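# Tertiary structure, described
Next come the chains, spelled out residue by residue.
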Amino acid sequence: MTAEAADDAPGATSPIDCDVHIALPSTKTLFPYLAGHWQQYIQTSAFKGVGDTSYPRGVPTSARPDSYPPGGGPPGSSLELVRQQTLEAWGARLAVLNCDYGVQAIHNPDLAAGIAGAVNDWIIAEWLEREPRFRASLVVPRQVESAVREIERVGSHAGFVQVFLPVLSEQPYGQRGFWPLYEAALRHDLAISIQPGASAGHPPLPTGWPSYYIEEYAGIAQVFQTQVVSLVAEGVFDRFPELRVLLVEAGFTWLPSLMWRFDKDWKSLRREIPWVRRPPSEYIREHLRFTILPWDAPPQPGWLLEILEQLGSEELLLFATDYPHRHFDKPEQALPAALPAALRPKILHENARAFYRL
Amino acid sequence: MARYLVGAVGEIPPGQRKIAEVGGRSIGVFNLGGEFFALLNRCPHQAGPLCEGHCIGLVLSERPGEYRFLREGEILRCPWHGWEFDIRTGQSWFDPARTRVRRYDIFVEPPSATPSGELPGLVRGPYVAETYPVTVDENRVMVEIPGAVRATARSGMDSGPSQR
Amino acid sequence: MVMTETSSEVRGRTKTAIIDADIHNELPSAKTLLKYLPLQWRRRHELFGGRGGRRGSLYPRSVTGNARTDSWPPSGLPPGADLDFMRQQLLDRFNIEYGILNPFVGGSGQRNVEYGAALCRAANDWLVAEWLEPEPRLRAAIVVPFEDGDLAAQEIDRVGDDPGFVQVLVMTRTAEPLGKRKYWKLYEAAERHGLPIAMHFGGSSNGPITAAGWVSYYIEDHVAAAQATQAQVISMVCEGVFEQFPALRVVLTEGGFAWLPPLMWRLDRAWEKLHDEVPFLRRPPSAYIREHMRITTQPMEEPPTARQFLQLLDQFGSDDMLLFATDYPHWDFDSPEDAFPAKLPERLERKIMAENARTTYRF
């Protein structure tokens with residue numbers, strides 16, 4: 001479907017929200033989707049669900065105050081409220097749901113596979129089948145063989161558009177051990193989405209454990225940078241020219257400086273990675289996309305326009321509310337006023353349509 | 001056009017090079033298997049002494065994990081940032097169309113031949129740089145640089161307009 | 001890149017004064033420090049050698065000695081180890097007014113901190129005797145065992161008043177983030193002596209070199225220098241180091257610089273939402289960064305157009321922060337004559353090439 005033809009379709013110019021976080025009301029929610037021995041394991045052990053500290057509960061960045069469902073449960077756990085505060089509030093054509101339940105932090109490979117499968121089945125039954133405007137990431141265990149099996153199991157469901165990979169991995173995602181996962185994703189026409197979520201266990205900064213959450217929150221951008229460099233340097237986009245990767249909640253104002261540095265180093269050090277036959281920035285512009293939040297906006301609006309120009313492509317940014325994380329108080333604050341008019345439809349829906357092949 | 005002596009053919013055996021001041025420029029002359037090539041001794045990146053760099057082979061790859069190694073000794077690696085230049089063409093490896101070092105064509109003629117002209121069959125490169133025909137007279141390697149007037153036969157000092 | 005018309009013979013063409021904020025001198029050999037080491041440590045040095053960081057070269061550098069291939073002195077010494085050759089190839093060649101030595105001589109990262117402290121003492125004595133005294137244009141960083149605050153402070157107190165020493169050297173990859181309290185004794189001593197901290201790319205953390213594990217290639221390690229420096233900026237600011245030590249300055253060295261404006265914006269936006277966690281920060285993070293931090297230009301990022309480079313400089317919101325550095329003799333050296341991808345306004349060029357360093361180091 002070309003962009004022009006798609007513009008005539010109903011809702012074709014409505015925003016597409018590329019990052020909405022849903023949450024399990026509790027671990028027990030998974031029971032209908034879990035084998036009996038896992039249900040017993042959960043009930044009788046100390047395992048209460050994975051939980052991670054990516055989003056401390058009380059902080060506004062984790063949840064806007066009005067996102068707690070009146071009937072109880074954490075923000076993002078009520079379909080009705082999520083639908084109302086995302087699809088309806090924005091007149092959005094589609095919203096992509098991310099459930100960061102942290103399955104990748106589970107070391108027991110069978111438990112990890114069981115929980116991942118249960119989360120995906122729950123997403124299908126209670127979100128995708130109940131609201132046709134939702135799409136979702138599917139979650140996978142950290143063990144690559146098991147992740148491939150899970151992609152094969154549910155990857156063909158029309159509602160899944162991408163595979164959720166948490167940014168704090170045990171090894172950088174470009175490395176060859178992950179390639180069977182990318183092959184499986186491509187077999188099912190799925191993109192890859194790298195997001196904050198569970199941690200594989202390394203300190204969240206390359207220099208050790210920080211004292212404060214604000215350091216992790218700001219510092220997560222550096223981990224995304226590591227992943228970008230790895231994907232390009234390892235030749236992932238050479239090996240998989242069809243692979244699409246979305247970086248969620250990574251920020252993007254750091255991207256020009258990274259491209260400049262990486263391109264310069266490539267000219268000097270190309271021999272070590274000879275399969276990278278074009279400047280790294282070209283692979284980045286072709287294969288990587290970024291949700292717009294957090295904007296990390298500079299104090300001068302003109303500087304933001306400069307960054308946008310320095311990105312070297314109008315196709316990189318995808319609209320997202322990052323619901324229920326609080327980035328702005330009013331919808332009109334979601335996009336900076338200084339944004340050039342020509343860029344707005346691209347960010348709001350065209351780039352997502354192209355990326356998700358809608 | 002003026003011709004400048006670089007040295008005797010015997011001074012630059014195959015696999016070796018000589019860097020000489022000719023026509024107000026520092027020029028490196030390389031012998032690749034009996035063929036001579038001359039490059040300006042100044043990297044287009046930050047003006048480093050390009051011709052002092054290592055001559056290495058070319059590492060290519062079609063797929064991650066696969067390596068092809070060819071043209072040993074024909075790639076000049078800038079001593080500073082390691083940019084790779086094809087000694088034969090002066091073109092950078094990473095951006096052959098737009099990033100290159102000034103190249104001076106050298107070819108060997110027998111002592112009795114009239115200086116000037118090109119060897120038949122020599123293919124011009126796709127770049128804009130001019131070629132500088134060189135003659136060998138009595139076993140000498142010479143570089144010819146257009147637009148310069150040479151003061152003496154051996155000093156190599158430029159007394160004419162310098163080349164931009 | 002703007003090509004000049006100079007031939008390779010030109011010396012000291014630049015009229016602008018140049019202060020080089022990052023030069024790496026080297027030990028001529030593994031035995032050099034022995035004559036500066038007390039006997040008890042000499043034997044240990046000969047028997048066991050260093051146990052710093054990690055073993056072996058995990059990410060082999062693309063060139064021997066990590067150096068420009070034309071920087072091997074004719075004397076046969078390693079790059080950076082021959083003062084006469086450094087004078088010829090750097091100080092005289094580019095008419096450098098002052099050059100600051102940041103030596104990697106192995107004392108600072110030793111796991112045996114007493115031994116590391118002894119090596120650092122020897123290294124600082126070597127610096128004075130064989131570099132600072134013979135060459136009046138040179139200054140140096142004090143080498144300290146930075147993982148041990150007491151020992152580091154002792155060494156700063158021992159040599160910190162020597163005018164040849166202008167800063168204290170720590171590495172970008174440290175056992176813990178540099179904002180943490182374990183490093184505060186070092187900052188206290190440095191502040192007391194009016195010495196900036198130079199945070200230089202290198203070193204090894206306790207874990208993998210990135211937060212997503214061990215990368216495969218040297219190019220990834222090299223690009224990751226910027227990420228590690230960013231993480232340390234975040235840590236030093238958010239831990240309140242500049243509230244605790246209001247006179248302390250930090251020079252971020254050899255991490256590039258183009259990433260700093262976006263980091264300032266990101267930190268400010270994060271602080272606006274999360275300041276309840278760090279109530280001791282009384283100002284936005286960017287205010288601390290602009291006031292307390294300086295950053296060397298090398299390896300200089302090269303945007304595709306001169307215009308974008310000038311935009312980048314403007315985005316700092318300050319003309320005071322950049323300090324030019326060559327990183328001689330390393331391979332990613334920036335030439336004082338040709339490193340900039342754009343022609344700078346004269347005043348800004350003077351500040352970057354010398355005046356900001358003159359203010360920072362009080363020359």
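Residues numbered from 1 in each chain as written. Chains lettered and ligands numbered in written order. Predicted model: local features only at pLDDT ≥ 70, side-chain atom pairs only at ≥ 80, totals over all residues.

Regarding its fold elements, chain B presents zero helices and nine strands. Along chain B, helices (α) and strands (β) appear in the sequence β-β-β-β-β-β-β-β-β when read from the amino end. Looking at chain B as a whole, 41% of its 164 residues are labelled buried. (Helix = DSSP H or I, 4+ residues; strand = E, 2+ residues; numbered from the N terminus. Buried ≥ 20, exposed ≤ 12 C-beta atoms within 10 Å, placed from the backbone.)

Scanning chain A for helices and strands turns up twelve helices and eight strands. Computed over its C-alpha atoms, the radius of gyration of chain A comes to 20 Å, within 12% of the 21 Å expected for a compact globule of 358 residues. Each of the three principal axes of chain A carries a C-alpha extent, and together these read 55 × 45 × 45 Å. Counting every position in chain A, which comprises 358 residues, the buried fraction comes to 56%. Of all intrachain contacts in chain A linking residues separated by at least 6 positions in sequence, the fraction that spans at least 24 positions is 81%. (Rg over C-alpha atoms; globule rule 2.2 N^0.38 Å. Contact = placed C-beta atoms within 7 Å.)

Residue and element names in this part refer to chain C. One open sheet accounts for eight strands, arranged S1-S2-S3-S4-S5-S6-S7-S8; its pairing is parallel. Two strands in the sheet have a free side with no partner beyond their single neighbour: strand S1 (18–23) and strand S8 (322–323). Two elements, S1 and strand S2 (residues 96–101), share four bridges in a ladder whose sense is parallel. Note on S2: the bridge partner recorded for Ile19 is Tyr98. Each of strand S4 (165–173), strand S5 (197–203), strand S6 (250–253) and strand S7 (293–296) touches helix H6 (residues 218–238); the most contacted strand, S4, lies at about 110 degrees to it. (Pairing = 2+ DSSP bridges. Axes fitted to C-alpha atoms, helices over the stretch in contact; angles between N-to-C directions.)

Before going further, it helps to examine the sheet that holds strand S6 (residues 68–77) of chain B. Residue and element names in this part refer to chain B. The three strands lie next to each other as S5-S6-S7, forming an open sheet whose pairing is antiparallel. Each having just a single partner strand, strand S5 (54–60) and strand S7 (84–86) make up the two edges of the open sheet. Pairwise comparison of adjacent strand axes, ignoring direction, gives a mean angle of 60 degrees for this sheet. In this structure, S6 lies alongside S7, joined through three bridges in antiparallel fashion. When the sheet's bridge partners are listed, Leu76 is paired in S7 with Phe85.

Bringing the interface of chain C and chain A into the picture now. It is common to give the size of an interface as the accessible area that goes away when the parts come together. On the chain A side, the residues contacting the 56 residues of chain C number 57 residues. Among the secondary structure elements, those contributing two or more residues to the side of chain C that touches chain A are H6, helix H8 (260–274) and helix H10 (306–315) of chain C. For the side of chain C that touches chain A, the element with the most residues is H6(C), which contributes 15 residues. Split into classes, the residues belonging to the side of chain C that touches chain A amount to 28 nonpolar, 17 polar and eleven charged. (Nonpolar A, V, L, I, M, F, W, Y, C, P; charged D, E, K, R; others polar.)

Moving on to the pairing of strand S3 (residues 138–143) of chain C. All names here are of chain C. Within S3, six of the six residues are buried, which leaves it mostly tucked inside the rest of the structure. In this structure, S3 lies alongside S4, joined through four bridges in parallel fashion. When the bridges of S4 are listed, Ala140 appears paired with Phe165. Each parallel crossover has a hand, and for S3 linked through helix H4 (residues 149–159) to S4 it is right-handed. (Right-handed = clockwise from strand over helix to strand, strands pointing away.)

Opposite the ten residues of chain B that make contact, chain A presents eleven residues. Class assignment for the residues of the side of chain B that touches chain A results in six nonpolar, three polar and one charged.

Now for helix H6 (residues 179–187) of chain A. Residues and elements named next belong to chain A. Those residues of H6 that fall on the buried side of the exposure criterion are Leu181, Tyr182, Ala184 and Ala185. Down the axis of H6, the buried side of the element spans an arc of 160 degrees, and every buried residue falls inside it. Each element contacted by the buried residues of H6 is listed here: helix H5 (144–154), strand S4 (160–168), strand S5 (191–199) and helix H8 (236–239). Of the residues one or two after H6, Asp189 is the one with positive phi, at around 60 degrees. (Arc of directions from axis to C-beta.)

Glancing now at H5(A). Helical geometry: 3.6 residues make up each α-helical turn, so side chains three or four residues apart lie on a common side. Residue and element names in this part refer to chain A. Among all positions in H5, only Ala147, Glu150 and Ile151 are buried. Angular distribution of buried residues about the axis of H5 spans 100 degrees; they occupy a single face of the element. Seen from the buried face of H5, the exposed residues on the opposite side, beyond 90 degrees, are Glu145 and Glu152. Close packing links the buried residues of H5 with helix H4 (109–128), S4 and H6.

Here we take up the pairing of strand S3 (residues 25–32) of chain B. All names here are of chain B. Burial of S3 is extensive: six of the eight residues sit out of reach of the surface. Inspection of the sheet shows strand S2 (residues 17–22) paired to S3 by six bridges, in the antiparallel sense. Its bridge partner lying in S3, Val22 is registered against Arg25. Connecting the antiparallel pair S2 and S3 is a turn made up of two residues, with Gly23 showing a positive phi of about 55 degrees.

Residues and elements named next belong to chain B. Across chain B, the average pLDDT comes to 76, with 69% of residues at or above 70. By mean pLDDT, strand S1 (residues 2–8) is the weakest element of chain B at 79, and S7 is the strongest at 97. Across residues 112–136, confidence stays below pLDDT 50; counting only partners more than four residues off in sequence or on other chains, it has 41 contacts. Contacts from residues 150–164, a stretch scored under 50 in pLDDT, to residues over four places away or in other chains number 26 contacts. Listed scores for the predicted complex are pTM 0.91 and ipTM 0.94. (pLDDT = per-residue confidence, 0-100.)

In this structure, Val119(A), Leu318(A), Val143(B), Val144(C) and Val168(C) are the most contacted members of the largest nonpolar core, which totals 253 residues. At 13 residues, helix H7 (residues 213–233) of chain A tops the list of elements feeding residues into this core. Leave out the neighbours within four places in its chain, and Leu318(A) touches Cys18(A), Leu246(A), Arg289(A), Phe290(A), Thr291(A), Ile292(A), Ile347(A), Asn351(A), Ala352(A) and Phe355(A). (Core = buried A, V, L, I, M, F, W, Y, C linked by C-beta atoms within 7 Å.)

Residues and elements named next belong to chain C. Within the fold, Leu186 resides in helix H5 (residues 184–192). When the C-alpha atoms of Leu186 and Pro73 are compared, they prove to be 36 Å apart, with 113 residues separating the residues in sequence. Residue contacts for Leu186: discarding those within four places in its chain leaves Val144, Phe146, Gly149, Ala152 and Ala153.

Let us now look at unusual backbone geometry. A cis amide bond links Tyr323(A) to the next residue, Pro324(A), at an omega of 0 degrees. Mapping Pro324(A) onto the fold places it in the loop between strand S8 (317–318) and helix H12 (343–356). Omega for the bond connecting Gln298(C) with Pro299(C) falls within 30 degrees of zero, at -10 degrees, which places this linkage in the cis form. We note that Glu249(A) has phi near 60 degrees; this positive angle belongs to a residue other than glycine.

A few words on the packing of H4(A) against H5(A). Residues and elements named next belong to chain A. Put simply, H4 and H5 touch, their axes get as near as 10 Å, and they point 25 degrees apart. Classified by the interaxial angle, the pair formed by H4 and H5 is roughly parallel. H4 and H5 meet at a crossing whose hand is right-handed. Two secondary-structure elements touch here, H4 through Pro109, Ala112, Ala113, Ala116, Gly117 and Asn120 and H5 through Ser146, Glu150, Arg153 and Val154. The class makeup of the residues in the contact of H4 with H5 is five nonpolar, three polar and two charged. (Parallel < 35°, antiparallel > 145°, perpendicular 65-115°, else oblique. Left-handed = near helix turned anticlockwise from the far one by under 90°.)

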